[in-house]
Structure formats: structure tokens, C-alpha cells
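# Commentary on secondary and tertiary structure
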Amino acid sequence: MARHVIYELHVRGFTMQHPDLPPELRGTYAGLAHPAVTDYLLELGVTAVELMPVHSFVSEPALLRRGLVNYWGTAPWLLRPARRLQRDGDP
């Protein structure tokens, strides 16, 4: 039987914390494709990556009143990739 290792991650949280990523890639989809990230996941033996919500979402009024945002993306707005995870200039 084949062994599978699934790694669930939050695009922004994972890439913002990776010390070997160039600053311009931190917090972005592009950061996930950088060799520093892919090599790290392969070294761990990861065979599949499951992304936490990556679609556009809104922050609930109660959070906004407290100066917070919905970091995890649990209030979907549009089912399209979140622009906040794209690099500047990416389509």
C-alpha cells in the first residue's frame, strides 16, 4: 500500500513565515511554487498539499468594528482566487 502524507496549509501564513522565501513572494500563491517551499515539503515526505480557503471572502462587521479581518477566509464572497494572495501585477 502506498504511503500518502497530506499537508494542510494556509497560503499566507505558511509563506509569510518561511525564512528562505524572497520578501516579494511571502504571503502569495507564487511563494508556494518557490523551490525553498517545494524542497521543504518534499523533505518532509509530503505527497499532497491541501490549501486552506483561497477564495475571496468578506470580513464580518463584528470583526471590522474591532479592527480585525477574517484571516482564515471562512466567509466566502466569490468563488475565485483571492487577490490578496497574488503578487503585485499578477493577473
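Whatever comes next refers back to the structure up there.
Conventions adopted
Residues numbered from 1 in each chain as written. Predicted model: local features only at pLDDT ≥ 70, side-chain atom pairs only at ≥ 80, totals over all residues. Heavy atoms only, no water. Helix = DSSP H or I, 4+ residues; strand = E, 2+ residues; numbered from the N terminus. Contact = heavy atoms within 4.5 Å. Phe/Tyr/Trp six-rings, centres within 6.5 Å; stacked < 30°, edge-to-face > 60°. Buried < 20%, exposed > 50% of the residue type's maximum accessible area, 1.4 Å probe, protein only. Core = buried A, V, L, I, M, F, W, Y, C linked by side-chain atoms within 4.5 Å. Polar contact = N/O pair within 3.5 Å; in protein donor to acceptor, adjacent residues only side chain to side chain. Arc of directions from axis to C-beta.

### Remarks on the overall build of the protein
- Scanning the protein from terminus to terminus reveals four helices and four strands.
- What you see in the protein, going N to C, is helices and strands ordered as β-α-α-α-β-β-α-β.
- Restricting the contact set of the protein to residue pairs at least 6 apart, pairs at least 24 apart contribute 49%.

### Some remarks on the packing of aromatic side chains
- Here the structure, examined in full by the defined rule, presents two aromatic pairs.
- Ring geometry for Phe14 against Tyr40: centres 6.3 Å apart, planes inclined by 40°, an arrangement best described as tilted. Of the two residues, Phe14 is situated in helix H1 (residues 11-17) and Tyr40 in helix H3 (residues 35-44); the sequence distance between them amounts to 26 residues.
- Classification of Tyr40 as partly exposed rests on a relative accessible area of 34%.
- Ring-pair connections join several aromatic residues into one group, and the members of that group are Tyr7, Phe14 and Tyr40.

### Description of the nonpolar core
- If you look at the biggest cluster of nonpolar residues, it comprises 10 residues: Leu9, Val11, Phe14, Leu21, Leu25, Leu32, Val37, Leu41, Val46 and Leu85.
- Elements supplying a minimum of two residues to this core: H1 and H3.

### Thoughts on the side chain of His10
- Considering the arrangement of structural elements, one finds His10 in the loop between strand E1 (6-9) and H1.
- Assessed through its relative accessible area of 6%, His10 is described here as buried.
- Of note is the side chain of His10, whose polar atom sits 3.0 Å from the backbone nitrogen of Gly13.

### Let's talk about H3
- Listed in full, the buried residues belonging to H3 are Ala36, Val37 and Leu41. Around the axis of H3, the buried residues are gathered within 125° of arc, so they sit on the same side. The exposed residues of H3 that point more than 90 degrees off its buried face are Leu42 and Glu43.
- Taken together, the buried residues of H3 touch E1, H1, helix H2 (29-32) and strand E2 (48-51).
- One or two steps after H3, the chain reaches Gly45, where phi turns positive at roughly 90°.

### Description of the side chain of Thr28
- You can see Thr28 is positioned in the loop between H1 and H2.
- Look at Thr28 and you get buried, because its relative accessible area is 4%.
- Those residues in contact with Thr28 that lie beyond four places of it in its chain are Val11, Thr15, Leu85, Gln86 and Arg87.

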